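The primary structure of each chain is shown beneath.
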Amino acid sequence: MSQNLVELIRRHHQVQAPTALEVLKDAVEDHGEVTDSDRERAAELSGLPEAAVYGVSTFYDDLLAPRGARHVRVCTGTACFAASGDAHVDAVRAGLGLELGERSEDGSVSLAETVCLGFCHSSPAVRVGDAVDAGSGAIERAIAGESRAAPEPEWRSLLSEPVLTRPGDWSGLRRAMAELGPEALLAEVEAGEVRGRGGAGFPAGTKWRFAREAAGAEKFIVANGDEGDPGSYIDKYLMERAPELVLEGLALAGYAVGANHGFVLTRSEYPRSKPLLEAAIARARAAGLLGEDVLGSGFDFDVTVVEGAGSYVVGEETALLACLQGLRGTVSARPPFPAERGVHGQPTVVNNIETLANIPFLAARGAAAYRDLSPGSETAGSKLVCFNERFARPTVVEVPFGMTVRELCEQVAGGLRDGAAIKAVQIGGPLGGILPASRLDTRFDFDALAAEGCMVGHGSILAFDTATNMRDVARHLLRFGADESCGKCFPCRIGLRRAHEEFAGSEPVDRERFEALLEALELGSLCAHGGGMPAPLRSLLTHFPEELGLR
Amino acid sequence: MSTVTVDGVEVEVAPGATVLEAARAAGRWVPTVCFDERQAPFGACRVCLVGIEGSPKPLPACTTPCREGMTIATEDATARRVAGAVVELVLSELPEAPAPHTELAQVAARLGVEETRWPGTVHQTDEDFRHPYLALRHELCISCGRCVRACDEVQGAFALTATGRGFEANITAGLDAGFEDSTCVSCGACADTCPTDAITEIRLLPQSTEEGWK
Amino acid sequence: MTTTCGYCGVGCRLETHVRGGRIASITPALDGPANLGHTCLKGRFAHGFTRSPDRLTTPLIREQGELRPASWGEALARVVAELERVKRDHGADAVAGLASSRATNEDCYAMQRLIRAAVGTNNIDNCSRVCHSPTSFAMRKSFGLSGATGSFSDIDHAEVALLLGVNPTQGHPVVGARIKQAALRGCKLITIDPRRIELADYGAIHLAPRPGTNAAVVLGLCHVVRRDGFVDEGFVAARTEGYDVLAELLESYDPAAVEEITGIPAAELEAAAHLYAEAGSASLLWGLGVTEHKYGSEVVQLLCNLAMMTGKVGKPGSALLPLRGQNNVQGSSDMGALPDTYTAYRSVEDEQVALSFEAEWGVPLSRHKGMKIPEMFDAAIAGELKAMYIFGEDVAQTDPDIAHVAAALEGLEFLVCQEIFLNETTNYADVVLPASAFLEKEGTFTNAERRFQVVEPALDPPGEAKTDFEIITTVSRALGHEMGWETPWDALDEIARLTPEYAGVSHERLGRGGLQWPVRADGSDSPTLYDTTFDRPGGRGHFAPLPYKPPGDAADEEFPLVLVTGRVLQHYNAGTMTRRTANADLVDRDLLEIHPVDAARLWIADGDRVSVRSRVGRTEIEARITERIEPGHVFTSFHFPETRTNLLIGQSADVNTSCPEYKVVAVDVRPIAEQPAFSPALGTTT
């Protein structure tokens, strides 16, 4: 990240200036597009140079598609693809007479694609304004202008006492402040061996320790709510149904690290996350649980919610910090790590929402109790998983580590509905490996899945049924990957485009050449986007070589 | 000071030195495309990959800090294979081969990369010759970021930016209305650092005449 | 080929790439000590002038009012004949020479030797007279040596930098960029200027004093330093003299009194003083906004006071850096192209020094100080100065009160100009000799860090033009004084031989990195001065107790606005070179900056042509409305001869050095009708 731009932003931030991205988003909300005059205004208000603002305005999905009075966004995520292929997209294009990214001449309606709305349990999904409709009839209603908000299934827990699928009660924070103190709390988190739940699995305690010891005038905790993985709606549920739990986790992190300010980065594709979190913050402040002198401890901690603007890579922690500060969401080389230099150049901890939601229980009951939540596994804590619409009982479920994928698919989610059969399952997100039906007895755990070329990732379990063509899956994943590439590093920027082009037509794909391309992506990419894309493709090459059409 | 070994040669490096600095101190060549010694390392091109003992994958030399006792292999087979593949990818997005004098062409030649295994869409021609001195040919831009960083970290005019996303990424000046209409001070640092002549001096273009200034 | 830029005092090292006898391109040298692989649009791109069709390629002689081509033989014969005639009939002191601060050290040294040895007078001056001569005078008085006390690299180590009367992002772009980067990394800038310069946007404090009140500002800062206990007592006691007298004077410059004079709010002055004084290291930078004033030389001494009071001199990060304008302002004066000194500022009255030059040159030399430029013009009008030999300076465009200058030049019996283009001054020349641009000569320049750097030619001078060095040595030979040099490097060797402070300088030793004087015989040089002792008798720095005095001009009812003149990024001074490049496409005219409040009151819209009238002259310029300037002031540049900006500047000049007060001129500004009413020709006043 440009140190100079971060410094300019920091200087303006001291006078309560908005970020350039915030100003541009407001412009789109207000008049449906971004003009040069908006850019100039964003530069003036935020302190970011005009050219940099221009760059921001060309990066994020929300700023690029022109909006009519009625703005229809159709989801092209993997769960919606698994449900209907591209049929729902074709239907809405035909029905509205617009291409994706187009606005009608009279400005009354516009169509854009969006990935993903988090309604994977009821695919296909379509958003009109801020209401998300999904399931049977949703597309027709969108075309007719009669969309309504779709219901969301209740979440549940397999544990005897829910740890994650419960509203927060602040008992962890109370105990930490009354009995532990920051150093002891940090030690508990380290002892608890909490692994990041966003996909990287990095030990949270280690990250917190670095940040605590780093030199800096101010420190920050950032909750990564940018759950862009198509098929995943876990963080959505946490932010919208248990915001207090998330806030408690943030406050605990701040207390342990010595940070007085937290941010939550939410997705604009989840329009309810920000308002629900902000309402919870207001309640918490009123109760003395956030703000100055939390619980009379002398420790200040407050939280700001920032909404993104449509970019998958912003889920990567350095890209996230760039977006938070109003810059282009591109990835930065590490070191320096955010724990050393993050928001405004200061030490920053970035933790996934679910990771933070694990902390209140650990603070309240201790590291041993936390480690024992999954008796059938070495891994500490529990995990939220979610299922896509193909399943009979799709929702978010809290499970212990160590169950097999088959158990999760058949017992927990009830198998596929309408008697359909599982052909393959993609676990953890679009960069996760794909397990064929024959390998479902693999245990759902970090090492076991890694051995199969898969990952726990974010925890989504997305089934493709036997009607799905795996070459279509390859093409779908590569299109997503190429579209979402931030464009900074060469292997991903060019390599994913080339990989997509290989599968875009119907020509056979030269296996050796393709494998060499995958190697360049895996070993050369700057981050796990380009670096991770080979995993599901290798699964497909291994398990479905004929269907892929190789040479 | 720490001591590291580069291709069997021990070399002392200052605290905070990168593997690339160590390699150069040892007189060893590591190919780079997005690196410029006048700017902070960026880590975009991934061509400077080297082998490091103990690391399962090759690491980028320009952004990896040295540690005491590190053993570095600049010609590690995997590293070079991937670096070569990356250069092939970059060549594949350009509408024509880079001019022989450009840094990109020289790195490709030295790595022995001539053709690409992955041809595909190339950049569309988009030339901007509005400025009296600076020519900007967007189709030759490989988004290495050096020009943006020169304008940021050296001149401090902040006139350039990366634009777009993914394969459509490129660069532009100001609000995409040309150098003159931006905060550009015409210092030429961008042209000086560009490894493909996407930004170059207009008088050096083949189509410029020798007439001299009117 | 690697050379040194000939535009400004930063002294970027440049790589010249030549193809087919023309310069194909110029790129910055990665190892240039002053520029570190960077440069600006002038050094990089503005070289096309070297082959402009306007280039002088043959000597010219004026016949019946017109200049016509002549051969070198004819031209030289005329020059020699005229100079000898004037010498014979009126004495050597009726001849004067002007050396160019854009030319090399060797060119300037040759010129002063020509005037002193071949002609026989000390009437030699150079154009630093009109820009940084006050710096030279003041620093010698306070510290001993005439130059920056440190290097540009001190900017990277300064916790605080105070910028007074200087706009580096325009006038010294590479140093301006370096300061900006330092500011973004945490160096706190204090900018003091009637205009809100670009660096103020990156700085901690900006003070906007009324033009001409700099002395009060600096005295106020010193007052606060003393009052609030920031004086470095140890340093003052061990390394300086005269503090007590200064301390007494400072009593009357409390922030309230300073606010009365300068308009700067007291609290802001105090904040600035504290910021400077509390820093571990702090540097002072200034430019022509300090020197081109009636009391410019006094303000520089006051700045030296401030540094000495706080012990912030002679240490890394605590440097005093006058940003000298032209590429060789430093060198042209170092070389003794001055009426009162030989090389290294040693007085012409100093017997020992004079004897050493007499011994080398084999002729007797005058012990009387010669005339400074303004005195030369007065003498020309009075009929006492009869002949001038000017090279590389367009006095009729860039000196103040150009009506007065025109009259002076008209009054001469003989004027020879050595130039690369015809200009306003050559309108009065009897002979014009075609000379060389910086890209066509070899020798050295000395930049604002006292660094001698090598200049190597990329091209030959065009047509029959010759290098300045060759012309001057040839004229000298024709006048009967053979200098005995084959190349400029021989001249450099002589300079080193005769100047203890440059003893170790040689072509070989300079290499790619140059050397900062003083350079000892063993070749070791001096990035930082005064780390243990000052270069004055006794080794102590001198505190100068100089009170504030008002400037030579002030706004009144008839002339209610104050005009400040200066430069912009894209052009250099008279624009002789830059106007003949595509830089003129980027900026094609001078503009008058005016604040919206003043513009509204005067019914002026952005882009209107306005009349600007001072006590001595009138001109017309296009208006540009901006909030960077304070109400009550206007600003313009002087790059385009048709603007005739310097018609407006009067005779007010620095009391010690005669550097003109370009920065405070009372003017009346008003919009004009579409037809200009009357545009008098110059030189018709008696």
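Definitions and limits used
- The residue count restarts for each chain, going from 1 along the sequence in the order it is written.
- Both sets of labels track the order of writing: A upward for chains, 1 upward for ligands.
- Reporting in this predicted model follows two pLDDT cut-offs: at least 70 for local features of residues, and 80 or more for side-chain atom pairs to be given and counted; totals over whole chains, interfaces and linings ignore these cut-offs and use all residues.
- With hydrogens and water set aside, each side-chain value is computed from the structure's full complement of heavy atoms.
- Only DSSP runs of H or I reaching four residues or more are called helices, and only runs of E reaching two or more are called strands; each is numbered from the N terminus.
- Radius of gyration here uses only the C-alpha atoms, and the compact-globule reference equals 2.2 Å multiplied by the residue count raised to the power 0.38.
- Note on contacts: a residue pair is in contact if any heavy atoms of the two residues lie within 4.5 Å.
- Calculation of accessible area relied on Shrake-Rupley with a 1.4 Å probe; when residues are assessed, cover is drawn exclusively from the protein chains displayed.
- Positive charge is attributed to Lys and Arg, negative charge to Asp and Glu, and no charge count is given to His or to the chain ends.
- For this purpose, a charge sits on NZ of Lys, CZ of Arg, CG of Asp or CD of Glu.
- Stacked, tilted and edge-to-face are the three classes assigned to paired rings of Phe, Tyr and Trp, where Trp is represented by its six-membered ring and a pair needs centres within 6.5 Å; plane angles under 30 degrees give stacked, over 60 edge-to-face, the rest tilted.
- Look at NZ for Lys and CZ for Arg. If either is within 6 Å of the ring centre and within 35 degrees of the ring normal, a charge sits over the ring.
- The term buried area denotes the loss of accessible surface (1.4 Å probe radius) that occurs when two parts are joined, taken as the sum for both partners.
- For this document, the term salt bridge refers to a Lys or Arg side-chain nitrogen within 4 Å of an Asp or Glu carboxyl oxygen.
- The source of the domain bounds is an automatic or database domain assignment.
- Between N or O atoms, a polar contact is any pair within 3.5 Å; within protein, one atom must be a potential hydrogen donor and the other a potential acceptor, and residues adjacent in sequence are included only when both atoms are from side chains.
- Lines are fitted to the C-alpha atoms to define the axes, a helix being fitted only along its stretch in contact, and any angle between axes, read from their N-to-C directions, falls within 0 to 180 degrees.
- If an angle is under 35 degrees, it is roughly parallel; if it is over 145, roughly antiparallel; if it lies from 65 to 115, roughly perpendicular; otherwise it is oblique.
- Throughout, the ten residues Ala, Val, Leu, Ile, Met, Phe, Trp, Tyr, Cys and Pro are labelled nonpolar, Asp, Glu, Lys and Arg are labelled charged, and all others, Gly among them, are labelled polar.
- In this scheme the handedness of a crossing depends on how the near helix is turned from the far one: anticlockwise by less than a right angle means left-handed, clockwise means right-handed.
- Whether a residue is buried, partly exposed or exposed follows from its accessible area with a 1.4 Å probe, protein chains only, as a fraction of its type maximum: under 20%, in between, or over 50%, in that order.
- For two strands to be treated as a pair, DSSP must find at least two bridges joining them.
- The span expected for a helix works out to 1.5 Å for each residue beyond the first.
- Across the chain, bend at a residue is computed as the angle between axes fitted to the seven residues ending at that point and the seven starting from it.

K.L.:
Just checking my understanding: could you explain the overall build of chain C for this structure?
P.N.:
Helix and strand content of chain C: 24 helices and 26 strands. Rg of the C-alpha trace for chain C: 24 Å, near the compact-globule value of 26 Å for 686 residues, within the 12% margin. Taking the principal axes of the C-alpha coordinates as reference, chain C spans close to 70 × 65 × 50 Å. Across chain C, contacts joining residues at least 24 apart in sequence account for 75% of those joining residues at least 6 apart. Looking at chain C as shown, the accessible area adds up to about 22100 Å², and 50% of this sits on carbon and sulfur atoms. Of the side chains in chain C, 64 bear a positive and 92 a negative charge, and the two mean positions are spaced by 2 Å.

K.L.:
I would appreciate a short explanation of the packing of aromatic side chains in the present structure.
P.N.:
Pairs of aromatic rings are described using the distance from one ring centre to the other and the angle between the two planes. All names here are of chain C. Evaluated as defined, the whole model comprises 27 aromatic pairs over all chains. The rings of Y109, Y342, F357, W361, F469 and W485 are connected pair by pair, giving a single aromatic cluster. The ring of F421 has R580 lying over it, and the distance from NZ or CZ to the ring centre is 3.6 Å.

K.L.:
Hey, could you run me through the interface of chain B and chain A in this one?
P.N.:
Often, the extent of an interface is quoted as the loss of accessible area on bringing the components together. In this assembly, 47 residues from chain B lie in contact with 49 residues from chain A. The contact between chain B and chain A buries some 3800 Å² in all, and 58% of this surface belongs to carbon and sulfur atoms. Considering only the surface of chain B that becomes buried against chain A, W118, R165 and L175 of chain B emerge as the three largest contributors, covering 23% of it. Inspection of the region where chain B meets chain A yields five salt bridges. In this structure, R165 of chain B and D61 of chain A form a salt bridge, with 3.2 Å as the shortest nitrogen-oxygen distance.

K.L.:
Can you walk me through the domain arrangement of chain C in this structure?
P.N.:
Residue and element names in this part refer to chain C. Segmenting chain C into domains produces domain 1 (2-51), domain 2 (70-131 + 331-516), domain 3 (133-322) and domain 4 (561-678). Spacing between the C-alpha centres of domain 1 and domain 3 amounts to 32 Å. Counting residues at the interface gives twelve residues for domain 1 and eight residues for domain 3. Linking domain 1 with domain 3 are zero salt bridges. Between domain 1 and domain 3 we count zero residue pairs in polar contact (both at pLDDT 80 or more) in total.

K.L.:
Honestly, the side chain of S46 of chain A in this entry has me stumped. Any pointers?
P.N.:
All names here are of chain A. You can see S46 is positioned in helix α3 (residues 36-46). In this structure the side chain of S46 is engaged in a polar contact, spanning 3.2 Å, whose partner is the backbone nitrogen of L48. When near neighbours in sequence (up to four residues on either side) are disregarded, S46 contacts H12, A17, P18, T19 and A20.

K.L.:
Got a minute to help me understand the packing of helix α12 (residues 243-257) of chain A against helix α15 (residues 353-365) of chain A in this structure?
P.N.:
Residue and element names in this part refer to chain A. Viewed as axis vectors pointing N to C, α12 and α15 meet at an angle of 75°, and their least axial separation amounts to 7 Å. Taken as axis vectors, α12 and α15 run roughly perpendicular relative to one another. Of the residues in α15, those in contact with L245, V246, E248, G249, L250, L252 and A253 of α12 are I353, L356, A357, I359, P360 and A363. In the contact of α12 with α15, the residues fall into eleven nonpolar, one polar and one charged.

K.L.:
Whenever I open this one, the interface of chain B and chain C confuses me. Can you help?
P.N.:
The partner chain C presents 32 residues to the 29 residues of chain B that form the contact. Interface area for chain B against chain C, summed over the two sides, is near 2400 Å², with a carbon-plus-sulfur share of 53%. Where R44 of chain C meets D192 of chain B, a salt bridge forms, and the shortest distance between an N and an O atom there is 3.4 Å. Counting across the chain B and chain C interface gives twelve residue pairs in polar contact (both at pLDDT 80 or more). Secondary structure elements with two or more residues in the side of chain B that touches chain C: α4 (146-155) and α5 (189-193) of chain B. Broken down by class, the residue content of the side of chain B that touches chain C amounts to twelve nonpolar, six polar and eleven charged.

K.L.:
Looking at this structure, I do not really get the domain arrangement of chain B. What am I missing?
P.N.:
All names here are of chain B. Assigned domains within chain B: domain 1 (1-119) and domain 2 (127-209). Just the C-alpha atoms count here: the centres of domain 1 and domain 2 sit 25 Å apart. Across the interface of domain 1 and domain 2, roughly 1500 Å² is buried in total on both sides, 52% from carbon and sulfur atoms. Looking only at domain 1, the three residues that lose the most surface to domain 2 are R38, Q39 and E93, adding up to 32% of its buried area. The tally of links from domain 1 across to domain 2 stands at three salt bridges. The residue D192 makes a salt bridge to R38 at a minimum N-O spacing of 2.8 Å. Our enumeration of links across domain 1 and domain 2 arrives at 13 residue pairs in polar contact (both at pLDDT 80 or more). Mapped by element, the contributors of at least two residues to the side of domain 1 that touches domain 2 are α2 (77-93) and α3 (103-111). Of the residues in the side of domain 1 that touches domain 2, the class split is ten nonpolar, three polar and five charged.

K.L.:
Help me understand the packing of helix α4 (residues 133-142) of chain C against helix α14 (residues 296-309) of chain C, please; the structure alone is not making it clear to me.
P.N.:
Angle between the axes and distance between the axes: these two values describe a pair of packed helices. Residues and elements named next belong to chain C. Interhelical geometry of α4 versus α14 gives an angle of 40° and a closest axis separation of 8 Å. As judged from the angle between their axes, α4 and α14 are oblique. The chirality of how α4 crosses α14 is right-handed. Between α4 and α14, the contacting residues are P134, T135, F137, A138, M139, K141 and S142 on the first element and G296, S297, V300, Q301 and C304 on the second. Classifying every residue of the contact of α4 with α14 by side-chain character gives six nonpolar, five polar and one charged.

K.L.:
Can you walk me through the pairing of strand β9 (residues 170-173) of chain B in this structure?
P.N.:
The side chains of a regular strand alternate, residue by residue, between the two faces of the sheet. All names here are of chain B. Burial of the side chains of β9 extends over both faces: N170 and T172 are buried on one face and I171 and A173 on the other. Pairing analysis gives four bridges linking strand β8 (residues 160-163) to β9, with the strands arranged antiparallel. Considered in β9, the bridge of L160 is made with A173. Taking the residues between adjacent antiparallel strands as the criterion, β8 and β9 are bridged by six residues, where G164 takes a positive phi near 65°.

K.L.:
I'm lost on the pairing of strand β21 (residues 561-566) of chain C in this one. Help?
P.N.:
All names here are of chain C. Of all six residues in β21, six are buried; the element is thus mostly enclosed. With burial as the criterion, each face of β21 is covered, one bearing L561, L563 and T565 and the other bearing V562, V564 and G566. With three bridges connecting them, β21 and strand β26 (residues 665-671) associate as antiparallel partners. The partner of L561 across the bridge, within β26, is V667. As paired elements, β21 and strand β25 (residues 633-637) share five bridges and run parallel to each other. Across the sheet, the residue bridging to V562 is H633, located in β25.

K.L.:
Even after reading the chapter, I still don't get the sheet that holds strand β2 (residues 102-103) of chain A, so can you show me in this structure?
P.N.:
Backbone-to-backbone hydrogen bonds join strands into a sheet, with any given pair of strands oriented parallel or antiparallel. Residues and elements named next belong to chain A. Read from one edge to the other, the open sheet built from five strands follows the order β2-β3-β1-β4-β5, with strand pairing classed as mixed. The open sheet has two edge strands, β2 and β5 (131-134), and neither has a second partner. Pairing of β2 with strand β3 (residues 109-114), which is carried by two bridges, proceeds in the antiparallel orientation. Following the sheet pairing, R103 is matched in β3 by S110.

K.L.:
In this structure, what is going on with the pattern of salt bridges? I would like to understand it.
P.N.:
Any two side chains of opposite charge can pair, so long as their charged atoms come close to each other. Residue and element names in this part refer to chain A. For the structure on display, the rule yields 105 salt bridges over all chains. Linking R166 and D169 is a salt bridge whose minimum nitrogen-to-oxygen distance equals 3.7 Å. Assessed through its relative accessible area of 16%, R166 is described here as buried. Residue D169 is classed as partly exposed on the basis of its relative accessible area, which comes to 42%. Notably, a salt bridge pairs R390 with E389, separated by 3.0 Å at the nearest N-O pair. Taking the relative accessible area as the measure of exposure, E389 reaches 6% and is therefore buried.

K.L.:
When you look at the sheet that holds strand β14 (residues 387-391) of chain C in this model, what are you seeing that I'm missing?
P.N.:
Residues and elements named next belong to chain C. An order of β5-β4-β16-β15-β14-β6-β7 is seen for the seven strands of this open sheet, with the pairing classed as mixed. One side of each edge strand has no neighbouring strand; the edge strands of this open sheet are β5 (66-69) and β7 (124-126). Sheet twist, expressed as the mean angle between neighbouring strand axes with direction ignored, is 20°. Relative to strand β15 (residues 414-419), β14 runs parallel, the two sharing five bridges. The residue bridging Y389 from the neighbouring strand is V416, located in β15. The sheet contacts of helix α3 (residues 105-119) involve β6 (95-99), β7 and β14, and relative to β6 the element is tilted by about 170°.

K.L.:
I keep staring at helix α9 (residues 171-191) of chain A and nothing clicks. Help me out?
P.N.:
In an α-helix, one full turn covers 3.6 residues, which means residues spaced three or four apart are oriented alike. All names here are of chain A. Taking 1.5 Å per residue as the helical rise, α9 with its 21 residues ought to reach 30 Å, whereas the 20 Å between its terminal C-alpha atoms falls clearly short. Maximal helix bending in α9 amounts to about 105°, located at L180; proline P182 follows within four positions. The inward-facing, buried residues of α9 contact α10 (204-213), α12 and α15. E193, located one to two residues past α9, shows a positive phi value of around 50°.

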